[in-house]
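Structural overview
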Amino acid sequence: GATLEVRVAASAFFLVLALVSLLSLPALRMARQEYDGAKVSSFVREFVSFISVPANRHYSLYKLFEAALYTVSMQAALYYLMLIDGLGGERLSMFIAAIGVVAGVATVAVLPLWAQFFRRRRSVNTNVVCGCVCALGALAPILLTAGDVAPAPTAFILYTALAQMTLNGQTYWR
């Protein structure tokens, strides 16, 4: 069964989600637009119209590859923690949650840095900088060898943080 700490954390998380949705629903209701069903064409025509805009096409591809990367990384986390580190039950759940928090914090931490970097024109080629950062992210699995030195899941958490900081939308879509 779940411990008191896990239940309190889950309850707090759901409370925050409920409060956010209570705040956002009135704003979304006020932002509704008039709907005319006669102006809506078939799904295929609407999709082609949407995807014909280059920015929408680019963003859709970005989200596709980002979702694939996150799916693969979470599957790898489950595999690594269960079969390599031998975690299970409540401890596995806590480390999966910790990895999710670390990934979110790492991504949010580097976004202002990338925004500042891309804000100004530089004499350096930004594609080369992004390529080097992506290469650093591809070398992140080397951190998994630190598992012999550090406690079991610490190496994988460090790997996740480095991978999230280097393989994000600011680097591989430039």
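These notes cover the structure that comes with them. Since we're looking at a predicted model, the values are computed, not measured.

**Section: the pattern of salt bridges**
Applying the stated rule across the entire model yields 1 salt bridge. Between E66 and K63 there is a salt bridge whose closest N-O contact spans 2.8 Å. Taken as a pair, E66 and K63 lie in helix α3 (residues 54–84) at a separation of 3 residues, close to a single helical turn. For K63, a relative accessible area of 37% translates into the label partly exposed.

**Quick notes on the packing of aromatic side chains**
All told, the structure shown has 8 aromatic pairs when counted by the stated rule. Consider the rings of F43 and F47, whose centres lie 6.2 Å apart with planes at 20°: the pair is stacked. With F43 and F47 both in helix α2 (residues 43–51) and 4 residues apart, this pair spans about one turn of that helix. Taking relative accessible area as the criterion, F43 reaches 67% and is therefore assigned exposed. Ring centres of F156 and Y159 lie 5.3 Å apart, and the angle between their planes is 50°; this geometry places the pair in the tilted category. Of this pair, F156 and Y159 both sit in helix α6 (residues 154–166), 3 residues apart, which is roughly one turn of the helix.

What counts and what doesn't
Residues numbered from 1 in each chain as written. Predicted model: local features only at pLDDT ≥ 70, side-chain atom pairs only at ≥ 80, totals over all residues. Heavy atoms only, no water. Salt bridge = Lys/Arg side-chain N within 4 Å of Asp/Glu carboxyl O. Helix = DSSP H or I, 4+ residues; strand = E, 2+ residues; numbered from the N terminus. Buried < 20%, exposed > 50% of the residue type's maximum accessible area, 1.4 Å probe, protein only. Phe/Tyr/Trp six-rings, centres within 6.5 Å; stacked < 30°, edge-to-face > 60°.

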